[in-house]
Amino acid sequence: MKDGIEFGELLAYTEEENQRWKQFFARHPEALDLPLDIAGSVRELVRHIFAVELFFANRVTGGQASLDEVPPETLDEIFGVGEKAAKMYREFLGRATPEDWSGMIELTRVNRKASRRKLVTQALTHSMRHWAQIATFLRQQGLKQEWPHDFLMSKAME
């Protein structure tokens, strides 16, 4: 048995959770435009989640990366960014060598170097943290989600 979780398993959880959120916002479109002190609105924080995922997916796979390249407004456009990033991660996970994982990538915006392994970890845990903030905020607004968010209750690792 390996020590720890595999990125593919964590990505499966993330994708499942994203789909549930997309369905939630389709039923409660007003929730996207609620003001939120973290990012201006729920919509802006969701866009931020996916912009960061795509940014790191581009960095990990050698593509061009910019946090400013995500202008989507509709629900399908916003979540399409996350789907694009997930596809890039899945493809990378399927072909990555040990050398790919350990190679360092320059992050000039934060004046830091990090391995691809660390960048993928950052992207996936970053989204979980923000989804938890959104879930808490929306429950406080009377918009309770109909599913448990815990990894244990997901289909990942089954």
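Residues numbered from 1 in each chain as written. Predicted model: local features only at pLDDT ≥ 70, side-chain atom pairs only at ≥ 80, totals over all residues. Heavy atoms only, no water.

Enquirer: Could you give an account of the overall build of the chain, naming the residues involved and the relevant values?
Expert: Looking only at helices and strands, the chain has 5 helices and 4 strands in total. Going from N to C terminus, the chain has its helices and strands arranged as α-β-β-α-α-α-β-β-α. Over its C-alpha atoms the chain spans a radius of gyration of 16 Å, differing by no more than 12% from the 15 Å that the globule rule assigns to 158 residues. Each of the three principal axes of the chain carries a C-alpha extent, and together these read 50 × 40 × 25 Å. Here the chain holds 158 residues, and 43% of them are scored as buried. Considering only residue pairs separated by 6 or more positions, the chain has 69% of its internal contacts joining residues 24 or more positions apart. (Helix = DSSP H or I, 4+ residues; strand = E, 2+ residues; numbered from the N terminus. Rg over C-alpha atoms; globule rule 2.2 N^0.38 Å. Buried < 20%, exposed > 50% of the residue type's maximum accessible area, 1.4 Å probe, protein only. Contact = heavy atoms within 4.5 Å.)

Enquirer: Got a sec to walk through unusual backbone geometry? Specific residues and values, please.
Expert: The backbone of asparagine 111 shows a phi angle near 50°, a positive value even though the residue is not glycine. With a phi angle near 75°, methionine 157 is a residue other than glycine that sits in the positive phi range. Mapped onto the elements of the fold, methionine 157 is located in the segment after α5 (116–140).

Enquirer: Pulling in residues and values, what's your account of helix α3 (residues 75–95)?
Expert: An ideal rise of 1.5 Å per residue puts 30 Å on 21 residues; α3 measures up with 31 Å between its terminal C-alpha atoms. Considered for burial, the residues of α3 that qualify are Leu75, Ile78, Phe79, Val81, Gly82, Ala85, Ala86, Met88, Tyr89 and Phe92. Looking at the buried positions of α3, the neighbouring elements they touch are α1 (7–27), α2 (42–61), α4 (98–102) and α5. (Expected span 1.5 Å × (residues − 1).)

Enquirer: Would you mind going over the nonpolar core in detail, with residue names and values included?
Expert: Grouped together as the largest cluster of nonpolar side chains are 44 residues, with contacts concentrated most on Trp21, Phe25, Val46, Ile134 and Leu138. Contributions of two or more residues to this core are made by α1, α2, α3, β3 (104–107) and α5. Sorting elements by how many residues they give to this core places α2 first, with 11 residues. If we skip the residues at most four places from it in the chain, isoleucine 134 touches Trp21, Phe25, Val42, Leu45, Val46 and Ile49. (Core = buried A, V, L, I, M, F, W, Y, C linked by side-chain atoms within 4.5 Å.)

Enquirer: Any chance you could break down the environment of glutamine 133 for me, citing the residues and the numbers?
Expert: Relative to the elements of secondary structure, glutamine 133 occurs in helix α5. The sequence separation of glutamine 133 and leucine 45 amounts to 88 residues, and the corresponding C-alpha distance is 9.6 Å. Apart from residues lying up to four places away in sequence, glutamine 133 is in contact with Ile38 and Leu45.

Enquirer: Explain the packing of aromatic side chains to me, using residue names and the numbers behind them.
Expert: On inspection of all chains with the given rule, the structure shows 14 aromatic pairs. Taking 6.4 Å as the distance between ring centres and 50° as the angle between the ring planes, the aromatic pair formed by phenylalanine 25 and phenylalanine 79 counts as tilted. Here phenylalanine 25, found in helix α1, pairs with phenylalanine 79, found in helix α3; they are 54 residues apart in sequence, far enough to count as distant. As far as the burial class goes, phenylalanine 25 and phenylalanine 79 line up, both buried. Counting every residue linked through ring pairs, the aromatic cluster contains Trp21, Phe24, Phe25, Phe50, Phe79, Trp131 and Trp147. (Phe/Tyr/Trp six-rings, centres within 6.5 Å; stacked < 30°, edge-to-face > 60°.)

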